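Structure assessment
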There are 2 protein chains.
Amino acid sequence: MDRRQQKTRKSIFNAFILLLSQKNYNKITVQEIIDEANVGRSTFYEHFETKDDLLKALCEELFGHILSSAMDCTHTHGLYSNGSAPESVFCHLLQHLQENDNNILALLSCESSDIFLRYFKDSLSQLIKTQFITQNSHINKNLPEDFLINHISGSFVEMVLWWTKGQMKHTPEELDCYFRAVTEPIL
Amino acid sequence: MDRRQQKTRKSIFNAFILLLSQKNYNKITVQEIIDEANVGRSTFYEHFETKDDLLKALCEELFGHILSSAMDCTHTHGLYSNGSAPESVFCHLLQHLQENDNNILALLSCESSDIFLRYFKDSLSQLIKTQFITQNSHINKNLPEDFLINHISGSFVEMVLWWTKGQMKHTPEELDCYFRAVTEPIL
DNA sequence: TTCATTACAGAACAAATTGTTCACTTTCAT
DNA sequence: ATGAAAGTGAACAATTTGTTCTGTAATGAA
């Protein structure tokens, strides 16, 4: 990819993230994005078809990394590692979020964070689903599998939302502990 | 309130709900709303300042009823009634939703359902909070109270989302049973 | 370094949307 | 019946969107 393209793409992403931290997604105009990114109007539309397209591209870029990283972790350890805490996939995810690559925390705590958490949850559900199939520890409960998957992934993103909205006054390790406390008893 | 106002307001609400079942909130224009509602442009703006204002008014109208009804239920029975199922506030809420007053189910299963569930969750959190204060059954756990409240309300709306997205192939009683299975063990 | 390719800038453009205003008509409550 | 309140419909400026164009500058390969 041309260096110019990389630079432009990154400028637009950064401008977009900055604006998202200031106002609602719906209220952001393409004009504001290109002003902040300092790129021409036609340039924007050569990179992205619409504002929604930009949003989608941003989500894919950000959560692609995180989820694939988590996927590796899951392969070696399972969803929860048997026994002690630190290798939990969920803890791994939380730590990864706290590292704040690409300013992802700005997105998860902004006014439109729902959009990103929804995207995150969908990816997370798929991850958990594959894990459930190999694990089967839940069969003895008479709860529908897709209900359980939805509950786990949903609870996780709701926790992340609570975490970020409250200025993140907890460590990933504490959160992981809380999450285990409310999910392990039901598996 | 004048009959004309009632009629106009209801027309706009219905048109809005219909459109929400067809396309994303962001993509709906005021022009489409007034065409569908068959009211004049100036009339719309006499009732609502903006589209966002309409959304807020709709939420207040719909969830106002449901939540106040649940509030009464909570006062007499507590969050979960001691012992047997049918008086559970959550079951009551689900039954209320299934009655589909004002076509609320169309909103909870539409593309923009997040918006409504978010509003619903905020109201629900307040309800649960007051209940927790009087109940205190969770003090022995070392989980932050606001984390627990967020977890309960969050799990509930995620369940409702799962329910509606899956064409509601479950009864409120079944859902209540599932919900108890994943929340009672942690209280 | 040269040079063809590719990306960007910037302006202009039509179309759509928003929110306001105003003169007019209809409906309501008494 | 009549004044008051509500709705109509058209017109309006101001934004916003997405496209198209010409000219300029950066890139990467030979």
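Residues numbered from 1 in each chain as written. Chains lettered and ligands numbered in written order. Predicted model: local features only at pLDDT ≥ 70, side-chain atom pairs only at ≥ 80, totals over all residues. Heavy atoms only, no water.

Here we look at the domain arrangement of chain A
Residue and element names in this part refer to chain A. In terms of domain boundaries, chain A breaks down into domain 1 (1-48) and domain 2 (55-186). Listed as interface residues are 11 residues of domain 1 and, on the opposing side, 13 residues of domain 2. For the pair domain 1 and domain 2, the summed buried area comes to about 1000 Å², and 67% of that belongs to carbon and sulfur atoms. Joining domain 1 to domain 2, the criterion identifies one salt bridge. At the surface where domain 1 touches domain 2, the tally comes to three residue pairs in polar contact (both at pLDDT 80 or more). Residues of the side of domain 1 that touches domain 2, tallied by class, amount to six nonpolar, two polar and three charged. (Domains from an automatic or database assignment. Contact = heavy atoms within 4.5 Å. Buried area = accessible area lost by both parts, 1.4 Å probe. Salt bridge = Lys/Arg side-chain N within 4 Å of Asp/Glu carboxyl O. Polar contact = N/O pair within 3.5 Å; in protein donor to acceptor, adjacent residues only side chain to side chain. Nonpolar A, V, L, I, M, F, W, Y, C, P; charged D, E, K, R; others polar.)

Observations regarding the protein's contact with DNA strand C
With respect to spatial proximity, 20 residues lie near DNA strand C, and among them Gln5, Thr8, Gly40 and Ser42 of chain A together with Arg4 of chain B are the closest. Here, DNA strand C places atoms within 4 Å of the protein, and 64% of those atoms are sugar or phosphate. Contacts to DNA strand C include Thr8 of chain A, whose side-chain N or O atom sits 2.5 Å from a phosphate oxygen. (Near = heavy atom within 4 Å.)

Things to note about the relation of the copies chain B and chain A
Rotating chain B by 180 degrees and moving it 0.0 Å along the rotation axis overlays it on chain A with an RMSD of 0.0 Å. The transformation relating the two chain copies, once decomposed into turn and shift, fits a two-fold axis. The C-alpha atom lying nearest the rotation axis in chain B is that of Ser155 of chain B; the distance is 2.9 Å. By residue overlap, the copies meet face to face through one surface: 100% of the interface positions of chain B are interface positions in chain A. (Least-squares fit on C-alpha atoms with pLDDT ≥ 70 in both.)

As for the protein's contact with DNA strand D
Taken together, 20 residues lie around DNA strand D, and Arg3 of chain A together with Gln5, Thr8, Gly40 and Ser42 of chain B are the ones closest in. Counting only atoms of DNA strand D within 4 Å of the protein, the fraction found in sugar and phosphate groups is 62%. Val30 of chain A places a polar main-chain atom, nitrogen or oxygen, 3.1 Å from a phosphate oxygen of DNA strand D. Here Arg4 of chain B contributes a backbone N or O atom positioned 3.2 Å from a phosphate oxygen of DNA strand D. When contributions to the surface near DNA strand D are tallied by element, the ones reaching two or more residues are helix H1 (3-20), helix H2 (30-37) and helix H3 (41-47) of chain A together with helix H1 (3-20) and helix H3 (41-47) of chain B. Each residue belonging to the surface near DNA strand D can be placed in one class, and the counts come to three nonpolar, 11 polar and six charged. (Helix = DSSP H or I, 4+ residues; strand = E, 2+ residues; numbered from the N terminus.)

Considering the side chain of Ser88 of chain A
Residue and element names in this part refer to chain A. For Ser88, the position within the fold is in the loop between helix H4 (51-77) and helix H5 (89-98). Looking at Ser88, the relative accessible area reads 0%, which means it is buried. Within the structure, the side chain of Ser88 is placed 3.1 Å from the backbone nitrogen of Phe90, a separation counted as a polar contact. (Buried < 20%, exposed > 50% of the residue type's maximum accessible area, 1.4 Å probe, protein only.)

Description of the interface of chain B and chain A
With 29 residues of chain B in contact, the opposing surface of chain A contributes 29 residues. The junction of chain B with chain A conceals about 2400 Å² of combined surface from both sides, 61% of it contributed by carbon and sulfur atoms. For chain B, the biggest contributors to the area lost against chain A are Phe147, Glu158 and Trp162 of chain B; these three give 26% of the whole. Viewed at the interface, chain A and chain B are joined by eight salt bridges.

Quick look at the packing of helix H5 (residues 89-98) of chain B against helix H8 (residues 145-165) of chain B
The relative placement of two packed helices is expressed as an angle between their axes plus a distance between the axes. All names here are of chain B. One can describe the packing of H5 onto H8 by two numbers: an axis separation of 12 Å at closest approach and a directional angle of 30 degrees. As for how H5 packs across H8, the hand of that crossing is right-handed. The segment H5 lies against H8, with Phe90, Leu93, Leu94, Leu97 and Gln98 engaging Ile152, Phe156, Met159, Val160 and Trp163. Here the contact of H5 with H8 is composed, by residue class, of nine nonpolar, one polar and no charged. (Axes fitted to C-alpha atoms, helices over the stretch in contact; angles between N-to-C directions. Left-handed = near helix turned anticlockwise from the far one by under 90°.)

Things to note about empty space enclosed by the protein
One pass over the structure, following the stated rule, counts one cavity of 30 Å³ or more. Taken as a whole, the largest cavity spans an internal volume of roughly 40 Å³. Lining the largest cavity, in full, are Arg118 of chain A together with Asp114, Leu117, Arg118, Val157, Glu158 and Leu161 of chain B. If you list the elements that add at least two residues to the lining of the largest cavity, you get helix H7 (113-135) and H8 of chain B. Residues belonging to the lining of the largest cavity are distributed by class as follows: three nonpolar, no polar and four charged. (1 Å grid on protein atoms, 1.4 Å probe; cavity = no way out; pocket = protein on both sides within 12 Å on 5 of 7 lines; lining within 4 Å. Points joined across faces, edges and corners; volume = space filled by probe spheres on them.)

Overview of the packing of H1 of chain A against H2 of chain A
Residue and element names in this part refer to chain A. At a minimum axis distance of 8 Å, the contact between H1 and H2 shows a crossing angle of 120 degrees. Overall, the two elements H1 and H2 adopt an arrangement that is oblique. Once H1 is placed against H2, the crossing between them reads as right-handed. For the pair H1 and H2, the contacting residues are Ser11, Ile12, Ala15, Phe16, Leu18 and Leu19 in the first and Glu32, Ile33, Glu36 and Ala37 in the second. Counted by class, the contact of H1 with H2 contains seven nonpolar, one polar and two charged residues. (Parallel < 35°, antiparallel > 145°, perpendicular 65-115°, else oblique.)

Digging into the layout of surface pockets
Residues and elements named next belong to chain B. Roughly 160 Å³ of internal volume is contained in the second largest pocket. Secondary structure elements with two or more residues in the lining of the second largest pocket: H1 and helix H4 (51-77). Sort the elements by how many residues they give to the lining of the second largest pocket and H1 lands first, with six residues. Lining the lining of the second largest pocket are residues from two domains, each supplying at least three of them: domain 1 (1-48) and domain 2 (55-186).

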